[in-house]
Structure formats: structure tokens, C-alpha cells
Amino acid sequence: MSNDLDDLIRQSANENLDDIGLSDDKVVVEPFCNHPWVVAFSWLLCAVVALFLYESPLPRERSVGSRSVETNLSVAMYHVAHRVETYQRYTGHLPEFLDPAWSESENVGYALTEMGYELTGKEGGLEIIYRQGDDPEELLHFEFSEDDQ
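Residues numbered from 1 in each chain as written. Predicted model: local features only at pLDDT ≥ 70, side-chain atom pairs only at ≥ 80, totals over all residues. Heavy atoms only, no water.

When its secondary structure is counted, the protein chain shows 4 helices and 3 strands. When each of the 149 residues of the protein chain is scored for burial, the buried share is 19%. Surface exposure of the protein chain reaches about 12,200 Å², of which carbon and sulfur atoms provide 56%. (Helix = DSSP H or I, 4+ residues; strand = E, 2+ residues; numbered from the N terminus. Buried < 20%, exposed > 50% of the residue type's maximum accessible area, 1.4 Å probe, protein only. Areas by Shrake-Rupley, 256 points an atom, 1.4 Å probe, with all protein chains shown as cover.)

Once that is clear, we can look at the nonpolar core. Counting 18 residues, the largest nonpolar core has M77, V84, V108, Y110, Y117, L119 and Y130 as the members making the most contacts within it. Of all the elements in the fold, those that place two or more residues in this core are α3 (66–91), β1 (108–113), β2 (116–123) and β3 (126–131). Setting aside residues up to four positions removed in sequence, Y117 forms contacts with A81, V84, E85, L94, Y110, A111, L112, Y130, R131 and Q132. (Core = buried A, V, L, I, M, F, W, Y, C linked by side-chain atoms within 4.5 Å. Contact = heavy atoms within 4.5 Å.)

Evaluated as defined, the whole model comprises 2 salt bridges. For D7, the salt bridge goes to R10, with nearest N and O atoms at 3.2 Å. Note that D7 and R10 are positioned in helix α1 (residues 2–14) at a spacing of 3 residues, about one turn of the helix. Across the salt bridge formed by R131 and E118, the nearest N and O atoms sit 3.2 Å from each other. Here the residue R131 occupies a position in strand β3, and E118 occupies one in strand β2, the gap between them amounting to 13 residues. (Salt bridge = Lys/Arg side-chain N within 4 Å of Asp/Glu carboxyl O.)

Before going further, it helps to spend a moment on the environment of V108. Note that V108 resides in strand β1. In the structure, V108 is positioned 20 residues away from I128 in sequence and 9.2 Å away in space, judged by C-alpha atoms. Excluding residues that lie within four positions of it along the chain, V108 makes contacts with L73, A76, M77, V80, S103, L119, T120 and G121.

Our focus in this paragraph is the sheet that holds β2. Read across the open sheet, the 3 strands follow the order β1-β2-β3; overall the sheet is antiparallel. Edge strands, defined here as strands with exactly one partner in the open sheet, are β1 and β3. The sheet shows a mean angle of 20° between the axes of neighbouring strands, direction not considered. In the sheet, β2 pairs with β3 via 6 bridges, with the strands oriented antiparallel. Opposite E118, over in β3, you have R131 as the bridge partner. (Pairing = 2+ DSSP bridges. Axes fitted to C-alpha atoms, helices over the stretch in contact; angles between N-to-C directions.)

Take it as geometry only, folks, not as evidence of what the structure does.
As C-alpha cells, then:
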């Protein structure tokens with residue numbers, strides 16, 4: 001079988017294009033790109049998309065307003081108060097310190113006082129104070145006023 005292959009290779013090397021009806025004059029070399037308008041359209045489309053993204057970038061993260069800050073802080077304090085109250089119910093005493101996993105915000109402070117415990121939430125100019133015995137629902141319905149700033 002290798003002899004047959006070798007013979008075919010030799011015949012192919014000795015072939016003349018004129019023998020099969022192709023001469024050097026008739027050989028047509030195809031252009032690199034048959035449809036230059038498609039390439040031009042693709043480049044134009046890419047340029048338009050890039051220009052659109054440059055002129056109208058994706059929306060940036062918005063800064064939160066004072067109402068959002070107040071709500072986030074109030075809810076975080078409510079959750080901490082709930083966890084402290086639950087701890088006291090199960091153990092019979094208040095925790096000495098807050099477990100870091102209990103607080104959703106680093107802006108909530110915890111302190112033991114003679115009357116129980118006190119939570120202090122500070123964010124910017126806003127300060128909320130919650131004392132043991134206060135109604136925790138008021139944290140969820142906290143009214144923000146200009147005096148709190």
C-alpha cells in the first residue's frame with residue numbers, strides 16, 4: 001500500500017496545470033475578504049456601540065438619601081435589640097458585649113447601664129438612642145426630623 005501512496009505522490013509532483021485545463025493565466029486568486037462592506041459595517045457598528053457607552057455610561061451607584069440612612073440604621077438597631085432581648089430571655093442576664101454577628105451595621109453601639117442596656121446608632125449627623133424597656137416598634141417607625149441632624 002505504501003507503494004501506491006508513493007506513486008500517487010510522484011504523479012502529483014509531476015502534474016502540469018496545462019494537462020488538466022488550468023494554466024497560470026486562468027488561475028484566479030480569491031481576495032482575502034469577499035465582502036468588504038460587511039467588514040466595514042461591523043467596524044462601524046463596533047464604533048457606534050463604543051461611542052454610545054462612552055457618552056452614556058452605565059448608571060453609577062447612587063448615594064443614599066437621609067431617609068435611607070435613617071431606615072437602615074433603625075432596622076439594624078431593631079435587630080440588635082431583638083437579639084439582645086432573646087439572649088436575656090434564654091440566659092437570664094444581658095450579654096457583656098455584642099457578638100459581631102448580631103449587628104448588621106458597625107454604627108450600632110451597645111452599653112450596659114444601671115437601667116439595663118442602651119443601643120446607640122450613629123450615622124453621619126444622625127443619632128438614635130434606644131434603651132431597654134422602650135418600645136422596639138418605634139425603631140421601625142422612627143420619625144426623622146431636622147433636629148436629629
